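As a plain string of letters, each chain reads:
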Amino acid sequence: MKTYIYLLAICSLLSCKKDNKGEPTPQNVSPIDLTKIDNGNRVMMQTFYWDVEPRGEWWNTITPKLDDWKANGVDRIWLPPATKGASGGYSMGYDPSDYFDFGEYNQHNTTKTRFGSRAELENLISKAHENGLQVIADIVIGHNNGGGKEWNPKRNKDTYTLFDETHGNASGKFNRTYKCFHPNDYATSDEEASFYPEQDLSHKVPYVQDWLWKKEESVAKYYKNIMKFDGWRFDYVKSFGAWVIKDWMKSVGGFAVGELWDGNPENLKSWVDASGISAFDFACFYNLEKALDRNKDMRELLTSQHPQLRTLRPEKAVTFTANHDTEKDQNADNIIAADKKLMAYAYILTHSGYPCIFYSDYENKAFKTKLQKLMLIHRSLSIGEEKILLATQNEYVASRSGNDKSPGLLLFINNGDTPSERTIITHWKNKILIDYSGNTYFFYKTDDEGKVTIKMPANSYAVWSLGE
């Protein structure tokens, strides 16, 4: 018995596994060192979730994480709205009051924002730049909140549209009255949907344009030149015309992405063409949610039938599997189930688009190591022509052809409750394949036509590429 156990141990050490034809895998085959391949791909990190804790300490909480994020392929960090909101220390920043209070004025019952002080924010930005990371500011310019009450002749009643040093704007920069909101002498409403209609900021008012992006002390130029932000995430862009972003970008430039919450890929394409910037790929998100979770039908990922922004404008698509809004929303159709989340990440990190990683997913101990492997695959193997090789109710198989530096990959997702076995024609001929996701430990060999039969465990994914 001892001899039998000893032989099993030796066999394991020598990687005596069988390929799909039952032949021993050559002992000199080993995984490629993916750290030596760099295809230029990177990811953005969303650095927060809804109602982050501890209040007043978030900038200090995430600053020590920058080294790790950079080492794992992050090139940009997306921060929450950094200035004082109407809810003071409880505000997530999406109720903007003072665009120039980064946690230094005592207003709305607090000096710090929910995230910390101005000094702590400046330290975070400085450390990020030392790590070669760009810092993306979340900009909420559709509506305001937290102002004082004033008589509004345009609405013939009192409205909370007075923002000055004693009414929610302690910085004294960009003071506002009812003339800055709808309706006014220039417009009755925005081109698109309004939110908080009485405090719906009017971008056609010259004074508002000056303070938001045109003058030297404007919000845009202060964020860029004084606070040293590198780019922009525009919140709820349905609430104003795309021309606003186009003008803003002409003034300050930088990377930018808009939140156009719309699952229609044609609407997303039209908007990125009109604004000139990227957009979050809600079409991709909802296709994944339906494929993996709601409908449990992987044919939702057949992009010939269900396009995504990344298939129409890949250079303008920011893909994601979760964000602060989807994860706080109890609507099941806006959330990808936790047990399907890594499959969704396997998809966005092997396909075209610029992936955004959600903080709560990356810092989840159950996900972190697997996500790091997928992020390494993204910046090494995820390159070249993209082909969907198979899509059934439970299975999805796609390939990337690679280039002169990278061999490319084969992604296999089995969303079913039973194991799967499929014969696939790959772009590799007479090669040994290894799973770089770490989810399986089989070796397979393709034949002289590139054909290989792969077995996949239930409810799992694998990313295959060449051994050496």
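Preceding this paragraph is the structure being described.
These lines cover the structure that appears in this document, whether it is placed above or below. (Residues numbered from 1 in each chain as written. Predicted model: local features only at pLDDT ≥ 70, side-chain atom pairs only at ≥ 80, totals over all residues. Heavy atoms only, no water.)

### Concerning unusual backbone geometry
- The linkage connecting Glu53 with the following residue, Pro54, adopts the cis geometry, with an omega of 0 degrees.
- Note that Pro54 resides in the loop between strand 1 (43-46) and helix 2 (58-62).
- A cis amide bond, omega -10 degrees, links His182 with the succeeding residue Pro183.
- Its identity is not glycine, yet Lys228 carries a phi of approximately 75 degrees, on the positive side.
- Within the element layout of this structure, Lys228 appears in the loop between helix 6 (219-226) and strand 8 (231-234).
- We classify Lys228 as partly exposed; its relative accessible area is 44%. (Helix = DSSP H or I, 4+ residues; strand = E, 2+ residues; numbered from the N terminus. Buried < 20%, exposed > 50% of the residue type's maximum accessible area, 1.4 Å probe, protein only.)

### Regarding the environment of Ser401
- Within the secondary structure layout, Ser401 lies in the loop between strand 14 (395-400) and strand 15 (409-414).
- According to the relative accessible area criterion, Ser401 is partly exposed, its value standing at 33%.
- C-alpha separation for the pair Ser401 and Tyr90, spaced 311 residues apart in sequence, amounts to 49 Å.
- Filtering out sequence-adjacent residues up to four positions away, Ser401 remains in contact with Ile383, Gly384, Glu385, Pro407, Gly408 and His427.
- Of note is the side chain of Ser401, whose polar atom sits 2.7 Å from the backbone nitrogen of Glu385. (Contact = heavy atoms within 4.5 Å. Polar contact = N/O pair within 3.5 Å; in protein donor to acceptor, adjacent residues only side chain to side chain.)

### Looking at helix 7 (residues 242-252)
- By the burial criterion, the buried members of helix 7 are Ala242, Val244, Ile245, Trp248, Met249 and Val252. Relative to the axis of helix 7, the buried residues are bounded by an arc of 150 degrees and lie together on one face.
- Buried-residue contacts for helix 7 involve strand 5 (134-139), helix 5 (206-214), helix 6, strand 8, strand 9 (255-258) and helix 8 (265-275).
- In the segment just after helix 7, Gly253 is the residue with positive phi, at about 65 degrees. (Arc of directions from axis to C-beta.)

### Quick look at the nonpolar core
- With 135 residues, the main nonpolar core has Met44, Ile77, Leu121, Phe229, Trp232, Phe234 and Trp248 as its most contacted residues.
- Examining the composition of this core, we find that 8 residues originate from one element, helix 9 (residues 282-294), more than from any other.
- Residues contacting Trp248, with those up to four places away along its chain left out, are Ile139, Ile141, Leu212, Trp213, Val219, Ala220, Trp232, Phe234 and Gly253. (Core = buried A, V, L, I, M, F, W, Y, C linked by side-chain atoms within 4.5 Å.)

### A word on the packing of helix 5 against helix 7
- Put simply, helix 5 and helix 7 touch, their axes get as near as 10 Å, and they point 50 degrees apart. The pairing of helix 5 with helix 7 is recorded here as oblique in orientation. Here Gln209, Leu212, Trp213 and Lys214 of helix 5 come into contact with helix 7, specifically with Trp243, Val244, Asp247, Trp248 and Ser251.
- When its residues are assigned to classes, the contact of helix 5 with helix 7 shows 5 nonpolar, 2 polar and 2 charged. (Axes fitted to C-alpha atoms, helices over the stretch in contact; angles between N-to-C directions. Parallel < 35°, antiparallel > 145°, perpendicular 65-115°, else oblique. Nonpolar A, V, L, I, M, F, W, Y, C, P; charged D, E, K, R; others polar.)

### Brief notes about the packing of aromatic side chains
- Counting across every chain of the model gives 33 aromatic pairs.
- Their ring planes at 90 degrees and their centres at 5.5 Å tell us that Phe48 and Trp78 sit as a pair that is edge-to-face. Residue Phe48 is found in the loop between strand 1 and helix 2, and its partner Trp78 is found in strand 2 (residues 74-78); the two are separated by 30 residues along the sequence. Judged on exposure class, the residue Phe48 and its partner Trp78 are both buried.
- A centroid spacing of 5.2 Å and a plane angle of 65 degrees characterise the contact between Tyr444 and Trp464, whose relative ring orientation is edge-to-face. With Tyr444 in strand 18 (residues 443-445) and Trp464 in strand 20 (residues 460-466), this pair connects stretches of sequence that are 20 residues apart.
- Look at Trp464 and you get buried, because its relative accessible area is 0%.
- Positioned above the aromatic ring of Phe255 is the side chain of Arg76, whose terminal nitrogen or guanidinium carbon lies 4.0 Å from the ring centre.
- The ring of Trp50 has Lys328 lying over it, and the distance from NZ or CZ to the ring centre is 4.7 Å. (Phe/Tyr/Trp six-rings, centres within 6.5 Å; stacked < 30°, edge-to-face > 60°. Lys NZ or Arg CZ within 6 Å of the ring centre and 35° of its normal.)

### A word on the sheet that holds strand 17 (residues 432-435)
- The 6 strands lie next to each other as 13-14-15-20-17-18, forming an open sheet whose pairing is antiparallel. Because the sheet does not close on itself, it has two edges, and the strands there are strand 13 (386-391) and strand 18. Pairwise comparison of adjacent strand axes, ignoring direction, gives a mean angle of 25 degrees for this sheet.
- Relative to strand 20, strand 15 runs antiparallel, the two being bridged by 5 bridges. (Pairing = 2+ DSSP bridges.)

### Overview of the environment of Pro64
- Structurally, Pro64 is set in the loop between helix 2 and helix 3 (66-71).
- Residues Pro64 and Gln199 lie 135 residues apart in sequence; the distance between their C-alpha atoms is 38 Å.

### Brief notes about the packing of helix 7 against helix 8
- Between helix 7 and helix 8, the least distance of the axes is 8 Å, while the angle of their chain directions is 40 degrees. Regarding the angle of helix 7 to helix 8, the classification is oblique. Of helix 8, the residues touching helix 7 (which contributes Ala242, Ile245 and Lys246) are Trp271, Asp273, Ala274 and Ser275.
- Here the contact of helix 7 with helix 8 is built from residues that sort into 4 nonpolar, 1 polar and 2 charged.

### As for the sheet that holds strand 9
- One closed barrel accounts for 8 strands, arranged 1-2-5-8-9-10-11-12; its pairing is parallel. Across the sheet, the mean angle separating the axes of adjacent strands is 25 degrees when strand polarity is ignored.
- The pairing of strand 5 with strand 8 spans 4 bridges and is classified as parallel. Bridging from a neighbouring strand, Asp138 pairs with Arg233 of strand 8.
- Helix 7 rests against strand 5, strand 8 and strand 9 of the sheet, and its axis sits at about 165 degrees to strand 8.
- Of the strands in this sheet, strand 11 (317-320) and strand 12 (354-358) touch helix 12 (residues 341-348), which is tilted by about 155 degrees from strand 12.

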